[in-house]
Amino acid sequence: MPSVPDFVRVVDSHTEGEPTRVVIEGWPAPRGATMSERRDDLRENFDHLRRAVVCEPRGHDAIVGALLTPPVNADSAAGIIFFNNGTYLGMCGHGLIGVVRTLEYLGRLSPGKARFDTPVGTVCAELSADGSVTIENIASYLHARDVSVDVPGYGTVVGDIAWGGNWFFITHSELVPVEMSRERELNRFTQAIQDAIRAQGITGADNGDIDHIEISAAPSRADADCRNYVLCSGGVYDRSPCGTGTSAKMASLHARGELALGERWHQEGMAGGLFTGWVSEGINGTLTPHVKGTAFVTGEATLRFDASDPFRLGIPVAVNVSA
């Protein structure tokens, strides 16, 4: 039986409807000189804690966890490893916004800019006095455009493959309307796309696993440019407009000549929340996405792990992940 602490303390928040659970005490420090090494150590030695903290019966499928670590870089506020019900994430936009508001709530962060180390690089977040948070994500880009995927039961689906801190397949397919009342159908459809992408050997750069499927559709609110449905790597949809998904979407739009540097993009999520984004030119001609949103702290908890509890390590979900 793997080692389990007596308790883990967490602070919960939601960003435009999508929950984040920040671990602030009790989790053993992961080993590694880099954030990717620490993430790998978590996967190899502490994956039982990932399940215990975010899966049922203590959590639920939509929760994204965030483990705080000491920073790798001297000028960073902290390191962060994001994880969900199925796997680990390179970056998480809504989660970073939630972490910033959590650190503010704990008195560890004041309005202004702060840097954070993640497994895919160092990112920046600016906390405003009104509580909004603007993240400056890692460089994002369009990897391949108009990729055709033969999806059993649905036919050919065409979309772009883009990087925003996670790999995305972004399609404008209208086979299933992007409406909350059609969520189950959207889940089946996007999971079928993901299964087909993997079966056909379609990947991102360096064989990166495309573990997020994004459908872009017409918005339901007048101040939005687009509404999306994003299937996350754990097999559930993102309630928020998805920070890394918005980054990937803007990278695709910019590459197509449909979004100028500095032009605002307003991305609506399934729950009705809104992210405002734009892109700027980064180092060596790269593209830097900026995403602004708001999070709210919803609670604090001390998670207990009774040795006699048959479900103290959570109820694992059956998802197809390879990240």
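(A) Region of the structure containing the confidence of the model for the chain. Looking at the chain, pLDDT values average 95 and 98% of them are 70 or higher. The model gives residues 319–323 a pLDDT under 50, and that stretch makes 17 contacts with residues more than four places away or in other chains.

(B) Focus on the pattern of salt bridges. For the structure shown, the criterion picks out 17 salt bridges. Between Asp47 and Arg51 there is a salt bridge whose closest N-O contact spans 3.3 Å. Here Arg51 and Asp47 lie together in helix α2 (residues 47–54), a separation of 4 residues that amounts to about one turn. For Asp47, a relative accessible area of 19% corresponds to the buried category. Between Asp309 and Arg58 there is a salt bridge whose closest N-O contact spans 3.9 Å. Separated by 251 residues along the polypeptide, Asp309 in the segment after β16 (287–304) and Arg58 in the loop between α2 and β3 (64–69) bring together distant segments of the chain. With a relative accessible area of 17%, Arg58 lands in the buried category. One salt-bridge network, in which partners are shared between bridges, spans Arg145, Asp146, Asp160 and Arg256.

Rules and cut-offs
Residues numbered from 1 in each chain as written. Predicted model: local features only at pLDDT ≥ 70, side-chain atom pairs only at ≥ 80, totals over all residues. Heavy atoms only, no water. pLDDT = per-residue confidence, 0-100. Contact = heavy atoms within 4.5 Å. Salt bridge = Lys/Arg side-chain N within 4 Å of Asp/Glu carboxyl O. Helix = DSSP H or I, 4+ residues; strand = E, 2+ residues; numbered from the N terminus. Buried < 20%, exposed > 50% of the residue type's maximum accessible area, 1.4 Å probe, protein only.

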